[in-house]
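Here is how the chains run, residue by residue.
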Amino acid sequence: MDLSVQIGSLRLTNPLIAASGCFGYGVEYADSVDLSSLGGVAVKGLFLNPREGHPPPRIVETPAGMLNAIGLQGIGVHRFIREKMPELRARRATVVVNICGSTLDEYVELARILSDVEGVGALELNISCPNIKEGGITFGCSLTGTYDVVNGVRKVTRLPIIPKLTPNVTDVASFARASEDAGADAVSLVNTFLAMAIDVETRRPKLSNIVGGLSGPAIRPIAVRMVYECRQMVKIPIVGMGGIADARDVLEFMLAGATAVQVGTANFVDPFIWTKLLAGLEDYMARHQVARITDLIGALDTGAREKEWTSS
Amino acid sequence: MDLSVQIGSLRLTNPLIAASGCFGYGVEYADSVDLSSLGGVAVKGLFLNPREGHPPPRIVETPAGMLNAIGLQGIGVHRFIREKMPELRARRATVVVNICGSTLDEYVELARILSDVEGVGALELNISCPNIKEGGITFGCSLTGTYDVVNGVRKVTRLPIIPKLTPNVTDVASFARASEDAGADAVSLVNTFLAMAIDVETRRPKLSNIVGGLSGPAIRPIAVRMVYECRQMVKIPIVGMGGIADARDVLEFMLAGATAVQVGTANFVDPFIWTKLLAGLEDYMARHQVARITDLIGALDTGAREKEWTSS
Amino acid sequence: MPIDVEAPVIDNRRLSGEYNVLALAAPGIAAQARPGQFVMVKVGHGHDPLLRRPFSVFEILRDASGTPTGLTILNKQVGVSTSRLFDAAPGQRISCLGPLGKPFTVDPPGEAWMVAGGVGLAPFALLAEVLHARGTAMTLFYGARKAGELFYLDFFAQLGVRLILTTEDGSRGERGRVTGPLEREFAARPASAPVLTYACGPEGMLAAVARVAARADRPCEVSVERVMGCGMGGCYSCVIPVRGDDGQPHNVRSCIAGPVFAGDAIVWE
Amino acid sequence: MPIDVEAPVIDNRRLSGEYNVLALAAPGIAAQARPGQFVMVKVGHGHDPLLRRPFSVFEILRDASGTPTGLTILNKQVGVSTSRLFDAAPGQRISCLGPLGKPFTVDPPGEAWMVAGGVGLAPFALLAEVLHARGTAMTLFYGARKAGELFYLDFFAQLGVRLILTTEDGSRGERGRVTGPLEREFAARPASAPVLTYACGPEGMLAAVARVAARADRPCEVSVERVMGCGMGGCYSCVIPVRGDDGQPHNVRSCIAGPVFAGDAIVWE
Ligand SMILES: Cc1cc2nc3c(=O)[nH]c(=O)nc-3n(C[C@H](O)[C@H](O)[C@H](O)COP(=O)(O)OP(=O)(O)OC[C@H]3O[C@@H](n4cnc5c(N)ncnc54)[C@H](O)[C@@H]3O)c2cc1C
Ligand SMILES: Cc1cc2nc3c(=O)[nH]c(=O)nc-3n(C[C@H](O)[C@H](O)[C@H](O)COP(=O)(O)OP(=O)(O)OC[C@H]3O[C@@H](n4cnc5c(N)ncnc54)[C@H](O)[C@@H]3O)c2cc1C
Ligand SMILES: Cc1cc2nc3c(=O)[nH]c(=O)nc-3n(C[C@H](O)[C@H](O)[C@H](O)COP(=O)(O)O)c2cc1C
Ligand SMILES: Cc1cc2nc3c(=O)[nH]c(=O)nc-3n(C[C@H](O)[C@H](O)[C@H](O)COP(=O)(O)O)c2cc1C
Ligand code: FES
Ligand code: FES
């Protein structure tokens, strides 16, 4: 049974990637989870410089979902390379570095710096974080902004680059297309949905930042639709995510057109989810006699239904 | 305690409206629910002519939500006026007629016809149904399309008109603005989110229409954010909806800026929800000494927090 | 008029690894329920699962004086909610809305044939009880996958119901599907003998029964199972094509126009 | 290393209309847990509620031979999950992940003062047991809203803990807040007497305790309660400002750098 998938020049042993911002820098989980057993580890979004992020409350639970407004707290790229990369290399993790800039130049600079770092497997361009004002999502909500960031980064790196798309747009597939045109190796989607929750007793927003990003099972049906739309529009691989909580959900994204998936919120609920997901995929492949998991990518059958009945 | 609210020239005895497509033509519930106790009843979306809608499966449950692709099955405006309006009048329901056209002219024609019908309280312009190909959402996803439909209808009716906005856009507030500019008395939002679900065992979409609209508690945080955004942009009343399931949820939408709300999916779960919602609102108003519910509209407090502690 | 009750579980009897009979204290619903009607059930709080699920009223429970005290449902574990119903503990409360839908005609022309496939047995316990009280002669054609999935046979036998059983693996009764013996019985019966056939089970079976009955020129009523979002006519999820006055198929809400339909009204796909 | 157990509920003891002690069979976690550590608990299946909730390890349960068999949590009903924990039935399984977080220092300089506000009592049962085994002299300053919300007094008394109680309504002990007597005790004690103060409760109380201890020039450890999404360092939801080497406040994840911090490390808001 072959679970490996390919994202540009990067081969993943399986399609399961820990989603950025939901797995710390990976090292936090290194004692509980065999990092090398994951397809990849997307580390928390990095700016050039350290950031403190937003004041708490930073998360709030909603029906089958959660809002977050972390505000991209992080140690910055230099400390990341110094303090975290050695352990990630030692644990043989396939590292996807999620980068975020306030300006186009910052993305390019980050890409340049990371291109020389041993053990970095791919760059995920976070142009879709709904929680910060500067940069990020302003690129992700504009087709030319998206094109420019991808194109700028493309010029300075041979690492696979994966722009991460926001779902807060009318036509996400056009952003996938702009990314492809600009030379992206893949696109990943979705980042979180801009959302809010109010404490009616105090009449205040439940998050200090007023708005935050919705993730978790609640958004899965929208995310699957978006992956499906992008699949019709681009040829490059799609990394799908949004609410994956079991192996069936992984398969749903893959059938809709994803080559690999990321798991975010569900890791909070179950840090040991990875072996369960892998077992579920293997069980499915065995039951359905699927030799290579790549055979499932985009294998959604939209034809007519057969009719048959048993005395069930 | 005054629970009444005003939408254009229409006074509602309370802010609770049954959402279109989730309450049949109202008459289905007339034996179980006192229709005159509701702020309003938005009837199932009507075209000029009868429609059969999509083949089943038409709904599928998702985490804290559901997808539907009913395809606007309906009896058409003429049979509605003949067969349903008499009972709705007899039950003293405040009727909001949700109309849908394949062309601009059809919206205008529907508005013209309904303007002369006794007992019609307002027109909700469904320019946001994600489940049909012709018309509807193509207007709702274009600012000029939205403007044109509202403006066209405005010219032929003095009934309050409420364009219903789709959340499947980058900037919903700009659509509220276009509606206001075109002469709408209010806007309602959100209609459902375009989404899909796949049966991984059969590798087929779970809905016959492949995609459908996501509703229910799952979407509430996104819908509340959108109401909040529109509140900053327009002066006309907002009718908020999306996942309301208890009185706290109603209050959340009102604090975010809604003058009235609609309840859809939750009515499927609990057809007797209306008295519970009303009781919840009254309890809140009593506890917080709110004399007029209109005092709560947009009363979100985004200021800083106080600090205090007790030995709890 | 349907009512909604937070009904305490009185009893949960396992019939097999998949089937159980759940008894709910819901006197108000029980007092109104007629054979073929259903209830919409929600297990647990929170929004996942979100929607209610439809279940036929299986039996009416009564106290010593005959006053209805509750009802049972025959539950087959197939997914989230049915699994929770399978595991429900006595005392637990389950939200139960009903009775809903159009019942069977309990005024058959002399003889009643009930055709059940699997969990499609559910509406027939109550129907048999009501028809037994009227003195109607009854036959139950009952098909299942295997012998261990044929339930309540004594119950029906005690009401004087003639049992004709089939299993797909042949482990009890005739091997094959339930429409086989049905066809033979029709053929064996003079065309003038007054028989009303009732059927409940998978849709393919219902279509086959309707076809067999039509061929034999007999009336038949089928109880259909479409995915139901509300059970009250609110959502239009549960439609089934029914031939209209214009001779054309029209989508009709099976929750309020059904779940019981004349077999020849439905346009089988 | 934290482990995840589908722990059966052994016992659910109600202490009041809001508080209960829930005993869970989780030997693997119990064997590792140290005072001040916590577990992340999820009640029920489905995605609503979605996230786990953090709870201090209250007591370690042991069999006759002293081998750990499980743990208890002291639960206060405040919302969805705590209500489910309040109503949990023996036999029910509850997903329990732990032990997590940095424990208290169990090596106090002679004397240990524990300061608990309300449900902030939770980490001190285990701490008292461990310190008792070491022969450390202990005092518990314990404040609640009213007498009926002061629990486990006998438990602490039996371990030789001196009890200083306060209630907000004066129904038991001193009226007012727990920091009042704490301040007085500090004043009464010679500055050279070796005392380590531990505090757990609402953040305002922790800040006050830290202030009082600093003013008395004593070390203190506080266990903070921030909303936690994961408990493992994954989400950055649980941060608290801690003074860094540069003298500036930096947001630090309280789930892995805490929940126990030196009182003077935290930059109280
Ligand atoms: C009028 C009527 C009467 C019924 N009576 C009985 C009965 O007496 N006993 C019994 O065991 N079952 C009965 N059913 C079927 C029962 O409603 C479904 O098995 C149940 O809804 C499945 O719920 P779930 O959460 O376990 O499954 P899910 O996890 O939701 O889904 C599992 C499977 O069940 C199907 N399903 C889901 N929801 C429905 C729905 N609302 N209606 C029909 N199928 C659905 C799905 O398509 C899927 O294939 C009846 C259905 C109808 C329409
Ligand atoms: C390290 C730590 C140890 C704790 N130990 C205990 C304990 O031993 N006993 C006990 O009763 N409680 C303890 N708590 C608090 C407990 O976690 C919350 O009361 C619980 O999460 C509320 O869950 P809920 O679903 O009932 O409330 P919800 O319905 O989710 O919310 C109700 C209220 O609780 C607050 N809350 C929600 N989630 C959390 C969270 N993850 N952390 C903190 N507050 C939250 C919300 O802001 C809201 O005001 C501890 C918290 C932490 C951080
Ligand atoms: C707490 C939290 C922090 C996140 N931080 C980042 C981030 O730093 N960079 C990023 O690209 N996405 C971030 N995300 C988005 C996730 O990577 C993912 O796109 C989203 O949560 C949807 O997946 P899920 O439903 O599986 O969580 C964050 C999400 C959460 C919940
Ligand atoms: C089954 C179903 C049918 C619907 N039909 C219509 C419709 O005909 N016209 C319309 O404007 N909205 C329709 N909607 C959208 C609802 O009116 C509402 O906007 C949406 O469901 C969000 O609210 P909720 O989460 O409370 O259901 C429908 C929704 C559902 C679930
Ligand atoms: S189930 Fe909703 S209309 Fe029939
Ligand atoms: S709770 Fe997730 S980082 Fe601390």
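Residues numbered from 1 in each chain as written. Chains lettered and ligands numbered in written order. Predicted model: local features only at pLDDT ≥ 70, side-chain atom pairs only at ≥ 80, totals over all residues. Heavy atoms only, no water.

(A) Quick peek at the relation of the copies chain A and chain B. The operation relating chain A to chain B is a screw motion whose rotation component is 180 degrees, with 0.0 Å of axial translation and a residual RMSD of 0.0 Å. Such a combination of turn and shift is consistent with a two-fold rotation axis. Taken as a fraction of all interface residues of chain A, those also at the interface in chain B reach 100%, which identifies the copy contact as same-surface. (Least-squares fit on C-alpha atoms with pLDDT ≥ 70 in both. Contact = heavy atoms within 4.5 Å.)

(B) Seen up close, the sheet that holds strand β16 (residues 260-262) of chain C. Residue and element names in this part refer to chain C. Read across the sheet, seven strands follow the order β11-β10-β9-β8-β12-β13-β16 without closing on themselves; strand pairing throughout is mixed. With one partner strand each, in any of the chains shown, β11 (174-175) and β16 form the two edges of the open sheet. Judged from the seven bridges that link them, strand β8 (residues 111-117) and strand β9 (residues 137-144) form a sheet pairing that is parallel. By the bridge assignment for β9, Ala116 is matched with Tyr142. Sheet contacts for helix α6 (residues 203-215): β8, β12 (195-200) and β13 (220-223); angle to β12, the most-contacted strand, approximately 165 degrees. (Pairing = 2+ DSSP bridges. Helix = DSSP H or I, 4+ residues; strand = E, 2+ residues; numbered from the N terminus. Axes fitted to C-alpha atoms, helices over the stretch in contact; angles between N-to-C directions.)

(C) Spatial organisation of the relation of the copies chain C and chain D. Least-squares fitting of chain C to chain D yields an RMSD of 0.0 Å, with the transformation described by 0.0 Å of translation along the axis and a rotation of 180 degrees. With an isologous cut-off of 70% or more, the 100% of interface residues of chain C that recur at the interface of chain D puts this contact in the isologous class.

(D) Spotlight on the sheet that holds strand β6 (residues 65-68) of chain A. Strand order in the open sheet made by the four strands is β5-β6-β14-β11 (chain A), with antiparallel pairing throughout. The open sheet terminates on both sides in strands that have one partner only, identified here as β5 (59-62) and β11 (193-196) of chain A. The sheet shows a mean angle of 40 degrees between the axes of neighbouring strands, direction not considered. Bridge count for β11 of chain A against strand β14 (residues 211-215) of chain A is four bridges, and the pairing is antiparallel. Paired with Phe193 of chain A across the two strands is Leu214 of chain A, which belongs to β14 of chain A. Its contacts with the sheet place helix α6 (residues 220-233) of chain B against β5, β6, β11 and β14 of chain A, and it is angled at close to 80 degrees to β11 of chain A.

(E) Representation of the interface of chain C and chain D within the structure. Tallying the contact residues gives five residues for chain C and five residues for chain D. A buried area of about 330 Å², summed over both sides, lies between chain C and chain D, and 35% of it is on carbon and sulfur atoms. At the junction of chain C with chain D, the criterion picks out zero salt bridges. One can count two residue pairs in polar contact (both at pLDDT 80 or more) joining chain C with chain D. (Buried area = accessible area lost by both parts, 1.4 Å probe. Salt bridge = Lys/Arg side-chain N within 4 Å of Asp/Glu carboxyl O. Polar contact = N/O pair within 3.5 Å; in protein donor to acceptor, adjacent residues only side chain to side chain.)

(F) Structural detail: the pairing of strand β16 (residues 260-263) of chain B. Residue and element names in this part refer to chain B. Burial along β16 is two-sided: Ala260 and Gln262 and Val261 and Val263, pointing in opposite directions, are all buried. As paired elements, strand β3 (residues 16-18) and β16 share three bridges and run parallel to each other. Bridge pairing in β16 links Leu16 to Val261. Sheet topology note: the strand β15 (residues 238-241)/β16 ladder contains three bridges and is parallel. Considered in β16, the bridge of Met241 is made with Gln262. Crossover handedness for the path β15 to helix α7 (residues 247-256) to β16: right-handed. (Buried < 20%, exposed > 50% of the residue type's maximum accessible area, 1.4 Å probe, protein only. Right-handed = clockwise from strand over helix to strand, strands pointing away.)

(G) Layout of the domain arrangement of chain C. Residues and elements named next belong to chain C. Split into domains, chain C comes out as domain 1 (3-100) and domain 2 (111-262). The centre of domain 1, based on its C-alpha atoms, is set 22 Å off from the matching centre of domain 2. Contacts between the two partners involve 24 residues from domain 1, matched on the other side by 23 residues from domain 2. Counting each side, the surface lost to burial between domain 1 and domain 2 is near 2,000 Å², with a carbon and sulfur contribution of 70%. Considering only the surface of domain 1 that becomes buried against domain 2, Tyr19, Pro35 and Phe58 emerge as the three largest contributors, covering 27% of it. Counting across the domain 1 and domain 2 interface gives five residue pairs in polar contact (both at pLDDT 80 or more). The set of elements that each furnish at least two residues to the side of domain 1 that touches domain 2 consists of β2 (19-24), β3 (38-43), β4 (53-56), β5 (59-62), β6 (68-76) and β7 (93-100). (Domains from an automatic or database assignment.)

(H) Focus on the site of ligand 2. All names here are of chain D. The environment of ligand 2 is made up of 18 residues, and the closest members are Arg53, Pro54, Leu74, Ser81 and Thr82. Here an oxygen atom of ligand 2 sits 2.7 Å away from a polar atom, N or O, in the main chain of Pro54. Measuring from an oxygen atom of ligand 2, one finds a backbone N or O atom of Ser81 at 2.7 Å. Bound to the protein, ligand 2 loses 77% of the 850 Å² it would expose on its own. If you list the elements that add at least two residues to the shell around ligand 2, you get β4 (53-56), β6 (68-76) and α2 (80-86). Top contributing element to the shell around ligand 2 by residue count: β4, with four residues. Residue composition of the shell around ligand 2, grouped by class: nine nonpolar, five polar and four charged. (Near = heavy atom within 4 Å. Areas by Shrake-Rupley, 256 points an atom, 1.4 Å probe, with all protein chains shown as cover. Nonpolar A, V, L, I, M, F, W, Y, C, P; charged D, E, K, R; others polar.)

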